[in-house]
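Coordinates in review
Spelled out, the chains give:
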Amino acid sequence: MTERITIDPVTRLEGHGRIEIFLDGAGEVANAYFQVPEFRGFEQFCVGRPVEEMPLLTNRICGVCPEAHHMAAAKACDAVYHVQPPPAAVLLRRLLYAAFYFADHTTDFYALAGPDFVMGPDAPVAERNLLGIVHKLGLEVGGKVIKARKYGHAIVETVGGRGIHPCTAVPGGMAKGITAAQAAEIAEMGRWAIEFVGESVKLFDDIVLGNPAYLEMVTGDTYTERTYYMGTVDAEGRLDTYDGRIRVVSPDGEVVGSFAPAEYRDWIAERVEPWTYLKFPYLKKIGWKGFVGGADSGVYCATPLARLNVANGLSTPRAQAEFERFFATLAPGDAGPANGVGHGMVHHRLAGHWARLVELMYAAESIVGLATNPDITSDQVRTVPTEKPTEGVGSVEAPRGTLFHHYWTDERGVLTRANLIVGTTNNYAPMAMSVSRAARSLIHGGTVITEGLLNRIEMAFRAYDPCLGCATHSLPGRMPMIVTIRGSDGAVVDVLRRDG
Amino acid sequence: MTGNGTGNGARAAAASAKPKFAMYWAASCGGCDIAVLNTSENVLDVDANFDVVFWPVAMDAKYRDVEAMADGSILLTLFSGGIRNSENEELAHLLRRKSKLLVAFGSCACEGCIPGLANLSSPEQLFAAAFDSITTENPEGLRPQAEWQAPEGVLRLPVFAPVLRTLDQVVPVDYYLPGCPPERHQIAAVIQLAIKVIHGEAEFPPIGSTIGAGHSTCCDECPRTRGIKKIKAFTRPQEMAVIDPVLCLLEQGIPCNGPATRDGCGALCPRAGAQCIGCYGPAEGVVDYGSRLISAFASVIDATDPADIERIIATIPDPVGQFYRFSLASSLLRAGRAAWDAQGALDAGRAGAAPAHATAGAER
């Protein structure tokens, strides 16, 4: 008898996601489908709009990470007009972006990922959320998390003009600068942020690294996927979330190459499946070989874990120290291949939560570095374009993956075509594979499907902080889940539910 | 917000004294939910005064939980997002039935917002731009299917609607809370008002009102100075060497939507040196946003000769986007020919089903 397990909804990816797991006659997992039922059509209706509106219109793709679209769009506008923003504008954009990362990663760590570890994957559902963390670790920690989010959003508001859907990045720079007093205030918030991240790292140390059972879960096969990795690096090969070349590294740690944003079409292709509205990007040079990992498959991953895997290091001191500890712990003694990046590859998806903390420290340190740079208060924040607009690509590292905006315009700067590859989309294939692997690892003939098992399947995609991570930005931060088990005749055999 | 892993019985009994609250997102970006969460302490007030029975971003109830509730048992539902597919539509009907007061929350639910610009295209044009894009390897021209036979069983997706609709084009709406997203001080004020109402200290405004916003235009909140508005051409911000930091942007020739847009945000964009793009929707009493804005722009054009007027108007590169950026789906036309034709074909194919565009506002 074929059984079918429907998990609907697993989460909210700007709407909804659904997992269909099919079991074979022996009760083993035959196949699993991760469906995305949402489509709005931005590529088409951006056509005909003036290119300077793209940083405003494409914000509305995502209210969780509008800053990523705002920045990628503004950089694409710069490219369309062949213009370089003045130094202060670049500093301001970077500051806005670092503050965004700080708020975004904080909420992911505490509201979404944290509860699985702090409370435990099998803890009572009612406790496995941010409020549970607050109860367990104390109100002081909860207060700090709220303060961290507030600080992040306050900086975005000061630099970006608005808290959600910022409006200040324009072709050639920024619409406004900031005052010395504002910069000083932001630097102060950044110093607090560094201490806050330090405490968060210590929390992770105590709870996860100090617990052999968790360490085994993190490094076990259930949550491990060997794929290619992608991320943006600076001229020295260090992580850069705002600008640089995009580096691709093989599952064995070999640098396959790196490319400028404008060359993305040589590297990335996308696949369509009839059962989902979301496409599956893959490495064009390797090719699509199905939902499999390894060096022969073009499936790649672009997450905080991927960004650390492809980077030689980080440019801020405390984040660099944490980066070194990350690889010394999870890939000890591994210097990688000769044509590698100087460290081993970490394929454990759950280690992505630690990687996110490393980036969180980088973001906090960057806030201070940028806000104390005397050039940031210059009023020279915009370069006026002099050339005719044509075509341009803008790219940033969105928290959930490399983001590409590609526009073609007529000579008035009105869009004639747009192509977007969005952060989470990069990880659609590996995410589907991780869910499938967790299901295959955890469900066997005769397995009693419990709530804790559901959570362990959920942890497989949670490691990617997919922009279903809207749920991340919530207070209790639990995802709803129902599993319906049907017989081959469609009759409901059993229904398992998990409420928040 | 209560979590309960085993059932809702205990929670229902304990919370029966409190009125019920729900929030849902249809075809949205999630920014409305984030805006509500950003009111931090106010969310705790909601939790203290309401039984939050359904709010996917923040807590964990299911469609089936909502289906099991008595009709009209939710006092207040905030509904964000437009109606883009069959699942959005089903949830709109379900939540209307279960809610005493249904609020169209944010620009998408109120007026269609940016995703409403899709109404200028047919579904096939929208699909082609995505699924035949320059980076997509799709030689067979595959499209997502509402129903697809996988080797192991049938997989289903919601049906994409050719015309994106606003919430009140699908079900009757009690209040409108505009903004993309609504600003958090406005959301906080509405939350505090609702709490007063349930304690008998205030009353809800008349049904059909716009709440959480002003009753004038964005210009009234804008600190920029205004003189005599007379312009010889519209200019785009990137073309201007200097943008005066205190003078009205429209007077500088930048097509700022302030004169037609409802106040309530505090004129954040003009304060930051950027033009108003109209996210708070039509000002009080305005039926068609674009018509009002056209009339406002016409009044600043400094010309009497028709050829001159023609030349000045031609300096607006994208009239439909300029005048209906957020409000196309709620405008008098609502959609272009390509979308209407596809909608008509879909409706005709549904035996006995009423055409989607004929149900607008018809249920109350």
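Not measured: the values here are computed from a predicted model. (Residues numbered from 1 in each chain as written. Chains lettered and ligands numbered in written order. Predicted model: local features only at pLDDT ≥ 70, side-chain atom pairs only at ≥ 80, totals over all residues.)

**Observations concerning the overall build of chain A**
- The helix and strand tally for chain A stands at 15 helices and 16 strands.
- Residues counted as buried form 64% of the 500 residues belonging to chain A.
- Once local pairs closer than 6 in sequence are excluded, the contacts in chain A between residues at least 24 apart make up 69%. (Helix = DSSP H or I, 4+ residues; strand = E, 2+ residues; numbered from the N terminus. Buried ≥ 20, exposed ≤ 12 C-beta atoms within 10 Å, placed from the backbone. Contact = placed C-beta atoms within 7 Å.)

**A closer look at the overall build of chain B**
- A count of helices and strands for chain B gives 13 helices and 10 strands.
- Overall, the C-alpha framework of chain B stretches about 70 × 60 × 40 Å when taken along its three principal axes.
- Classification of the 364 residues of chain B by burial places 52% in the buried group.
- In chain B, of all internal contacts separated by at least 6 residues, the share reaching a separation of at least 24 is 74%.

**What about the environment of glutamate 322 of chain A?**
Residue and element names in this part refer to chain A.
- Along the chain, the position of glutamate 322 falls in helix 11 (residues 317–330).
- Spatially, the C-alpha atoms of glutamate 322 and methionine 361 are 8.5 Å apart, while their sequence positions differ by 39 residues.
- Once residues within four sequence positions are removed from consideration, glutamate 322 is found in contact with Val201, Val358 and Met361.

**With respect to the pairing of strand 13 (residues 401–409) of chain A**
Residues and elements named next belong to chain A.
- By the criterion of burial, strand 13 is predominantly enclosed, with 8 of the 9 residues buried.
- Taken together, the 8 bridges between strand 12 (residues 391–398) and strand 13 define a ladder with antiparallel strand orientation. Counted as the bridge partner of valine 393 is histidine 406 from strand 13.
- Connecting the antiparallel pair strand 12 and strand 13 is a turn made up of 2 residues.
- Here strand 13 runs beside strand 14 (residues 415–421); their pairing, made up of 6 bridges, is antiparallel. In the sheet register, tryptophan 408 faces strand 14, and the bridge partner there is arginine 417.
- Counted between consecutive antiparallel strands, the loop separating strand 13 from strand 14 contains 5 residues, among which glycine 413 sits at a positive phi close to 80°. (Pairing = 2+ DSSP bridges.)

**Some thoughts on the sheet that holds strand 7 (residues 245–249) of chain A**
All names here are of chain A.
- As summarised here, the arrangement of the 4 strands in space is 8-7-6-11, forming an open sheet in which the pairing is mixed. Whereas interior strands pair on both sides, the edge strands pair on one side only; in this sheet they are strand 8 (255–259) and strand 11 (300–301).
- Both strand 6 (residues 228–233) and strand 7 contribute to a ladder of 5 bridges, which runs antiparallel. What sits directly across from glycine 231, in strand 7, is arginine 247.

**Section: unusual backbone geometry**
- Following cysteine 180 of chain B, the chain continues to proline 181 of chain B via a peptide bond in cis, the omega torsion being -15°.
- Tracing the backbone through its elements, the reader meets proline 181 of chain B in the loop between strand 10 (175–177) and helix 8 (184–198).
- Here the phi dihedral of histidine 82 of chain A falls at roughly 55°; this positive angle occurs in a residue that is not glycine.
- Structurally, histidine 82 of chain A can be placed in the loop between helix 3 (66–81) and helix 4 (87–118).

**Observations concerning the nonpolar core**
- Counting 261 residues, the largest nonpolar core has Leu92, Leu95, Ile367 and Val435 of chain A together with Phe79 of chain B as its most contacted members.
- In this structure valine 435 of chain A touches Ile19, Ala32, Phe34, Ile457, Ala460 and Phe461 of chain A, once residues within four positions along its chain are discounted. (Core = buried A, V, L, I, M, F, W, Y, C linked by C-beta atoms within 7 Å.)

**Topic: the sheet that holds strand 14 of chain A**
Residue and element names in this part refer to chain A.
- The antiparallel open sheet is built from 3 strands, whose spatial order is 12-13-14. Only two strands of the sheet have a single neighbouring strand rather than two, namely strand 12 and strand 14. Neighbour-to-neighbour, the strand axes of the sheet open up by a mean angle of 15°, direction not taken into account.
- The strands touched by helix 3 are strand 12 and strand 13; relative to strand 12, the strand with the most contacts, the crossing angle is about 150°. (Axes fitted to C-alpha atoms, helices over the stretch in contact; angles between N-to-C directions.)

**Remarks on helix 7 (residues 180–209) of chain A**
Residues and elements named next belong to chain A.
- Helix length check: helix 7 (30 residues) gives 42 Å between terminal C-alpha atoms against 44 Å at 1.5 Å per residue, within 8%.
- Every buried residue belonging to helix 7 is among Ala183, Ile186, Met189, Gly190, Ala193, Phe196, Val197, Ser200, Val201, Phe204 and Val208, and all of these are buried.
- Looking at the packing, one finds that the buried side of helix 7 touches helix 4, helix 6 (139–160), helix 8 (212–219), helix 11 and helix 12 (352–371). (Expected span 1.5 Å × (residues − 1).)

**Brief notes about the confidence of the model for chain B**
Residues and elements named next belong to chain B.
- Chain-level pLDDT for chain B is 88 on average; 90% of the residues reach the 70-or-more range.
- Low confidence marks residues 1–15, where pLDDT is under 50. Its contacts with residues over four positions away, or in another chain, come to 28 contacts.
- Ignoring residues within four places in sequence, the model shows residues 353–364, a span with pLDDT below 50, making 18 contacts including any to other chains.
- Scored by ipTM, the complex comes to 0.91, with pTM at 0.92. (pLDDT = per-residue confidence, 0-100.)

**Focus on the confidence of the model for chain A**
All names here are of chain A.
- The predicted model of chain A averages 88 in pLDDT, with 89% of residues at 70 or higher.
- A low-confidence stretch, residues 11–15 stays under pLDDT 50, and its non-local contacts, those more than four residues away or across chains, total 26 contacts.
- The low-confidence segment residues 468–483, where pLDDT is below 50, has 82 contacts with residues more than four positions distant or belonging to other chains.

**So, the pairing of strand 1 (residues 20–25) of chain B**
Residue and element names in this part refer to chain B.
- Among the 6 residues of strand 1, 6 are classified as buried, and the element is accordingly described as predominantly covered.
- Where strand 1 meets strand 2 (residues 51–54), 3 bridges bridge the pair, whose relative direction is parallel. Each bridged residue has a counterpart across the sheet, and for lysine 20 the counterpart in strand 2 is aspartate 51.
- As paired elements, strand 1 and strand 3 (residues 74–80) share 5 bridges and run parallel to each other. The residue of strand 3 that forms the bridge with tyrosine 24 is phenylalanine 79.

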